[in-house]
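Chain by chain, the residues run as shown.
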Amino acid sequence: MIAAGDLGLLDGFERALINGRLHMVYQPKISLSTGALKRVEALVRWDDPEIGAVSPSRFVPLAEKYGLIDELTQWGLRTTLRQWLAWQDEGIDTCLAFNISALSLDQLDFPDLVERMCRALGVPTEALVLELTEGATQPLVKLMDTLTRFRIKGIGLAIDDFGVGYSTLMQLRQLPFTELKIDRFFINDSTSSNESALIVKCIIELAHGLGLTVTAEGVETEAQLRLLCDLNCDVAQGYLISQPLAPTALKPWLAEWAKRWPDYAGRAPVAAA
Ligand code: C2E
Ligand code: CA
Ligand code: CA
């Protein structure tokens, strides 16, 4: 049964998905020690000719609710893997981060499916990191089994939006994540609130202690970037570095960023929290 409020948007989304009117954009993530491009995060976009741009925060939950999420995930992943090949042809060697709905993890053969898609297109599984937010309906033991299957195949796993949801330290210890992304709420606050800066510092130390790479998302100011460098954060992503980009914009951005990074890298770090 479709809720009345969802009807129009769901209908439009389904048509956009079927008729190839969705597209992906890619946001760079850079190393805070070298400034080099670490990977790009693929983000889906729907610009409807009648209703305008619709945020994925609106239509991804709708796709989850009405059984369209697997189709969206497979289309998005295939598009992203093909884009990786196109960048390789252009001489851009990068890795991919792709958002996975928790519901996809319930699909029994999902790790095999992802591996098959990589193999079929000739993309090494090591070039792919899946970003997961909480909400998995599987019990911990089953989730651990699913995630371990991804890791055996060489696929990386990031825990997304860390700090604002229900992810527990127990999950962090037991599940085979390779990367932790600190939610932008804490990054946003980190240069104006000592408490948030302290939380960021503690999350970085905790994650490093567990052997995880730490990414800060939502970096919008130079002060935030410098604080993160000072706190030994590994990777940064956010509007200061780059907005999500159309595929053809990645190469020009790389040239522009190579000129901008030395300015940031050369400046003295701010005091640690
Ligand atoms: P997310 O995975 O946490 O993605 C980061 C969101 O923050 C993106 O919003 C990005 O455009 C935005 N962002 C990046 N840098 C900054 C910044 O410096 N400041 C601010 N204020 N925002 C920034 P977007 O693209 O609207 O995506 C929203 C959410 O929708 C994503 O959150 C993700 O959970 C979901 N999503 C996006 N694409 C996909 C997809 O292909 N599949 C699935 N399952 N979910 C997706
Ligand atoms: Ca993400
Ligand atoms: Ca996030």
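An account of the accompanying structure is given in this report. (Residues numbered from 1 in each chain as written. Chains lettered and ligands numbered in written order. Predicted model: local features only at pLDDT ≥ 70, side-chain atom pairs only at ≥ 80, totals over all residues. Heavy atoms only, no water.)

**A word on the coordination of the calcium ion (ligand 3)**
Item 1. Surrounding the calcium ion (ligand 3) are the protein donor atoms Asp160 (OD), Asp161 (OD), Glu217 (OE) and Glu217 (OE), which sit 2.2 to 2.5 Å from the metal.
Item 2. One chain supplies every donor to the calcium ion (ligand 3), and in sequence these donors are spaced D-D-x55-E.
Item 3. Separating the calcium ion (ligand 3) and the calcium ion (ligand 2) is a distance of 4.0 Å, and aspartate 160 donates to both of them. Highlighted residues: aspartate 161 in strand E6 (residues 156–162) and glutamate 217 in the loop between strand E8 (213–216) and helix H9 (222–230), separated in sequence by 56 residues. (Donors = N, O, S within 2.8 Å, 3.2 Å for Na, K, Ca; no water. Helix = DSSP H or I, 4+ residues; strand = E, 2+ residues; numbered from the N terminus.)

**Points about the coordination of the calcium ion (ligand 2)**
Item 1. The protein atoms that coordinate the calcium ion (ligand 2) are Glu41 (OE), Asn99 (OD1), Glu131 (OE) and Asp160 (OD), at distances spanning 2.2 to 2.3 Å.
Item 2. Each donor residue of the calcium ion (ligand 2) lies on one chain, and together they are spaced E-x57-N-x31-E-x28-D.

**Some details on the pattern of salt bridges**
Item 1. According to the stated counting rule, one finds 15 salt bridges in the structure shown.
Item 2. A salt bridge links aspartate 112 to arginine 149, with the shortest nitrogen-to-oxygen separation between them at 3.6 Å. With aspartate 112 in helix H4 (residues 110–121) and arginine 149 in helix H5 (residues 140–152), the pair connects residues that are 37 residues apart, well separated along the chain.
Item 3. What makes aspartate 112 partly exposed here is its relative accessible area of 27%. (Salt bridge = Lys/Arg side-chain N within 4 Å of Asp/Glu carboxyl O. Buried < 20%, exposed > 50% of the residue type's maximum accessible area, 1.4 Å probe, protein only.)

**Structural notes on unusual backbone geometry**
Item 1. One non-glycine residue, aspartate 161, lies in the positive phi region at around 55°.
Item 2. Residue aspartate 161 is classed as partly exposed on the basis of its relative accessible area, which comes to 27%.
Item 3. Positive phi, normally seen in glycine, also occurs at asparagine 232, with a value near 65°.
Item 4. You can see asparagine 232 is positioned in the loop between H9 and strand E9 (235–236).

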